[in-house]
Amino acid sequence: MRDKVELNATLYLPKSNSTTASRTPVIFTLTPYISDSYHARGAYFASHGYAFALVDVRGRGNSGGEFEPFANEARDGYDIVEWFAKQPFCDGKVTMWGGSYAGFDQWATAKELPPHLATIVPAAAAHPGLDFPFSNNVGIPYDMQWFTLTSGRASQQNLFADSKFWRTKFLEAYKQYIPFKNLDRIVGNPSANFQRVVAHPMVDNYYDAMVPAREQFTKIIFPILTITGQYDGDEIGALAYYRDHLDAASAETKAKHFLIIGPWDHAGTRTPTDEAAGIKFGSAAVIDLNDLHRQWYDWTMKSGPKPEFLKKRVAYYLLAPGNSGANGEWKYADDFEKLTANHHPLYLDASGSGGNGVFHSGVLSEKPASTGADEYIYDPLDTRRGEDVDNVDNEKTAGIDQRRALSIGKDGLVYHSEPVTQETELIGCPRLTLWVSPGVPDTDIVAELDEILADGTSIALWSDVRRLRYRESVRQENLVKPSETVRCDFNPGLFVARRMAKGSRLRLVVSAPNSIFFEKNYNSGGVVANESAKDARTAHVRILHDGQHASVLDVPIAP
């Protein structure tokens, strides 16, 4: 690197019949997860005519330096590209492979504009300040799980994957009202990296420096293939990069940026499966992404044919009705904005029932209510939901698990739509506007949208969380004044493509997160990461739906 720190790469070369290696494009992945874990990928691409390098990020694996997550990959990525371009086995073209962190660092490298970077294929790309280390400035205890995975230089994969251990630790902190800033000590792994993000609780220049600015997006003109999934935890990040790049790009550059949105979860964006979290996609969801990458690299760097799968600039998977495992279908569009321009308002109203529970639910109505407000109570000292709902091993069924909805009482609101009378396509990005009177300076609100089949099965569609002090901007807090009613928009840009089954209804659940998997907001308006039980204030949160305050769910029903 330019600062003389040495990074370690494991290099896979195509077999050559001559005494000297043939010159090919070089593909590399830049990973904090120890290069050996991607051995099979390296072998695959080398056997298909590419030099492939697995590079440990600075401070991890066999690389020198210190690991500060997301901070050094842009400069290091540039230096790696240019180093490989000069090697005798490289033909002068360099590209990257990978997802999640290794999707992020493709964009980080690209923003530095290394001359020999020919294309990128970011999958499930994490976006600092957007989907990590918090969600809309709401802290996530998962940070400590990930910072433990990436502690030191070796792999802690088994510790990271021990979900029972992490649930136990998160529940311990939750029940004892431990300040979020002390979570690393509760876990038993004091972490400078965790403390660093706690010190940056909102989007600021620290995170801005990690991702491309608009003027950098404008200069990224090579071909790009973006990959994400409807159940990918980093879909928000992947689509933010995609939208920001298209917003800044010329028409010629836009034509070279392709997007694939499968049905998959996070891991499935690299190794597709036909099911995730209990939601069945069908076998058509299982495509060979290694081969698609190879075809993309052949097309963009070896003058090969365009991949047949990429029929148009946007490929997306439309899930079949129900949850039987029937095949959905791959559909195509030329313009993502036009594809997602489906809007159908459903207005919230629980004035007739109270809305405090699945069996006392309010309605999602075609017509706005003229008067009224619905109320739920959030007591930060109430730990029942963490114990009864969160402390379960439901990783394989989380997408169809109704524990949370069924647990709702006075602590949340539930709304149902009328059953659809025919199969109904949802294609686009749901969004929700709430008019809120919380009665406290600050509180967190989570919204979850599900399809409820005629037989009662629940299928997760969409969710979002917001902290009211950041309702106007994630860069500036604005506490709620006493008796003030404020507007809060839930518009994460998450893409949904599913055929609702005949007889299905939509269910919207609105509540405080009050979960072991989120930083707890004690509603005081103070620095949330420092707060504990002594700061707790109970919020009587009113959701208004009168003539001046139409709380409304925008559902992307396709024509």
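Since we're looking at a predicted model, the values are computed, not measured.

## Details of the packing of aromatic side chains
The way to describe two aromatic rings as a pair is by their centre distance and the angle between their planes.
Next up, step 1: The final tally for this structure, using the stated rule, is 40 aromatic pairs.
Next up, step 2: Ring plane angle 90 degrees and centroid distance 5.0 Å describe the contact between Tyr44 and Phe45, whose orientation is recorded as edge-to-face.
Next up, step 3: Look at Phe45 and you get buried, because its relative accessible area is 0%.
Next up, step 4: These aromatic residues form a ring-pair network of at least three members: Tyr38, Tyr44, Phe45, Tyr50, Phe52, Trp97 and Tyr297.
Next up, step 5: One residue, Lys302, lies across the ring of Tyr50, its end atom 3.9 Å from the ring centre.
Next up, step 6: Sitting over the ring of Tyr174, Lys520 keeps its end group 4.1 Å from the ring centre.

## Looking at the nonpolar core
Next up, step 1: Grouped together as the largest cluster of nonpolar side chains are 61 residues, with contacts concentrated most on Phe28 and Phe84.
Next up, step 2: Excluding residues within four positions of it along the chain, Phe84 makes contact with Ala9, Leu11, Val26, Phe28, Ala53, Val55, Phe89, Cys90 and Val94.

## Some words on helix H2 (residues 73-85)
Next up, step 1: The end-to-end C-alpha separation of H2 is 18 Å, in line with the 18 Å expected for 13 residues at 1.5 Å each.
Next up, step 2: Of all 13 residues making up H2, 10 are buried, and the element is well covered by its neighbours.
Next up, step 3: Restricting attention to buried positions, one finds in H2 the residues Glu73, Ala74, Asp76, Gly77, Asp79, Ile80, Val81, Glu82, Phe84 and Ala85.
Next up, step 4: Considering only its buried residues, H2 is in contact with strand S1 (9-12), strand S2 (24-31), strand S3 (51-56), strand S4 (90-96), helix H3 (101-111) and strand S6 (117-119).

## Digging into the side chain of Thr300
Next up, step 1: Position of Thr300 among the secondary structure elements: in helix H13 (residues 289-301).
Next up, step 2: Polar contacts involving the side chain of Thr300 include one to the main-chain carbonyl oxygen of Trp296, which spans 2.9 Å.
Next up, step 3: Residues in contact with Thr300, not counting those within four places in the same chain, are Thr119 and Pro223.

## Structural notes on the environment of Asp335
Next up, step 1: As for its placement among the helices and strands, Asp335 is situated in the loop between strand S15 (329-333) and helix H14 (336-339).
Next up, step 2: Residue Asp335 is classed as partly exposed on the basis of its relative accessible area of 29%.
Next up, step 3: Between the C-alpha atoms of Asp335 and Val314, which are 21 residues apart in sequence, the distance is 6.9 Å.
Next up, step 4: Polar side-chain contacts of Asp335 include one of 2.9 Å to the backbone nitrogen of Glu337.
Next up, step 5: Engagement of the side chain of Asp335 in a polar contact is seen with the backbone nitrogen of Lys338, the distance being 3.0 Å.

## Quick word on the sheet that holds S2
Next up, step 1: Strand order in the open sheet formed by five strands is S1-S3-S2-S4-S6, and the pairing between neighbours is mixed. Two strands lie at the open edges of the sheet, namely S1 and S6, each paired on one side alone. Within the sheet, the average angular offset between the axes of one strand and its neighbour, ignoring direction, is 30 degrees.
Next up, step 2: Where S2 and S3 come together, six bridges link them in parallel fashion. Along S3, the bridge assignment pairs Val26 with Ala51.
Next up, step 3: Strands in contact with H3 are S2, S4 and S6; relative to S2, the strand with the most contacts, it is inclined by about 120 degrees.

## Some words on the pattern of salt bridges
Next up, step 1: With the rule as written, the count across this model stands at 26 salt bridges.
Next up, step 2: Between Asp298 and Arg294 there is a salt bridge whose closest N-O contact spans 2.9 Å. Taken together, the residues Asp298 and Arg294, both in helix H13 and four residues apart, mark about one turn of the helix.
Next up, step 3: Classification of Asp298 by relative accessible area gives buried; the value is 17%.
Next up, step 4: Among the salt bridges present, the one from Arg469 reaches Glu477, with a minimum N-O distance of 3.1 Å.
Next up, step 5: One connected set of salt bridges, linked through shared partners, spans Asp3, Arg58 and Asp76.

## Describing the environment of His545
Next up, step 1: With respect to the helices and strands, His545 occurs in strand S27 (residues 539-546).
Next up, step 2: Residue classification places His545 among the buried positions, given a relative accessible area of 2%.
Next up, step 3: Considered as a pair, His545 and Asp374 are 171 residues apart in the sequence and their alpha carbons are 8.1 Å apart.
Next up, step 4: Sequence-distant contacts of His545, defined by excluding residues within four places in its chain, comprise Leu348, Asp349, Ala350, Ser351, Ala369, Ser370, Thr371, Gly372, Ala373, Asp374 and Ser551.

## Brief notes about the packing of H2 against H3
Next up, step 1: It is the contact of H2 with H3, at a shortest axis distance of 8 Å, that shows an interaxial angle of 75 degrees. Viewed along their axes, H2 and H3 adopt a mutual orientation that is roughly perpendicular. Counted together, Glu73, Ala74, Gly77, Tyr78 and Val81 of H2 and Tyr101, Phe104, Asp105, Ala108, Thr109 and Lys111 of H3 form the full contact between these two elements.
Next up, step 2: Looking at side-chain class alone, the contact of H2 with H3 contains six nonpolar, two polar and three charged residues.

## Some details on helix H4 (residues 142-149)
Next up, step 1: Summarising burial for H4: seven of the eight residues are buried, a large majority.
Next up, step 2: Considered for burial, the residues of H4 that qualify are Asp143, Met144, Gln145, Trp146, Phe147, Thr148 and Leu149.
Next up, step 3: Next to the buried residues of H4 lie H3, helix H5 (157-160), helix H6 (163-175), helix H7 (183-187) and helix H8 (192-198).

## Here we look at unusual backbone geometry
Next up, step 1: Residue Pro133 follows Phe132 across a cis peptide bond; omega there is 5 degrees.
Next up, step 2: The residue Pro133 is located in the loop between strand S7 (122-123) and strand S8 (134-135) in this model.
Next up, step 3: A positive phi is found at Lys4, a non-glycine position, where the angle reads about 75 degrees.
Next up, step 4: Position of Lys4 among the secondary structure elements: in the segment before S1.
Next up, step 5: Since its relative accessible area comes to 72%, Lys4 is described here as exposed.
Next up, step 6: With a phi close to 45 degrees, Ala124 is a non-glycine residue in the positive phi region.
Next up, step 7: With respect to the element layout, Ala124 can be found in the loop between S7 and S8.

Reading guide: rules and limits
- Residues numbered from 1 in each chain as written.
- Predicted model: local features only at pLDDT ≥ 70, side-chain atom pairs only at ≥ 80, totals over all residues.
- Heavy atoms only, no water.
- Phe/Tyr/Trp six-rings, centres within 6.5 Å; stacked < 30°, edge-to-face > 60°.
- Buried < 20%, exposed > 50% of the residue type's maximum accessible area, 1.4 Å probe, protein only.
- Lys NZ or Arg CZ within 6 Å of the ring centre and 35° of its normal.
- Core = buried A, V, L, I, M, F, W, Y, C linked by side-chain atoms within 4.5 Å.
- Contact = heavy atoms within 4.5 Å.
- Helix = DSSP H or I, 4+ residues; strand = E, 2+ residues; numbered from the N terminus.
- Expected span 1.5 Å × (residues − 1).
- Polar contact = N/O pair within 3.5 Å; in protein donor to acceptor, adjacent residues only side chain to side chain.
- Pairing = 2+ DSSP bridges.
- Axes fitted to C-alpha atoms, helices over the stretch in contact; angles between N-to-C directions.
- Salt bridge = Lys/Arg side-chain N within 4 Å of Asp/Glu carboxyl O.
- Parallel < 35°, antiparallel > 145°, perpendicular 65-115°, else oblique.
- Nonpolar A, V, L, I, M, F, W, Y, C, P; charged D, E, K, R; others polar.

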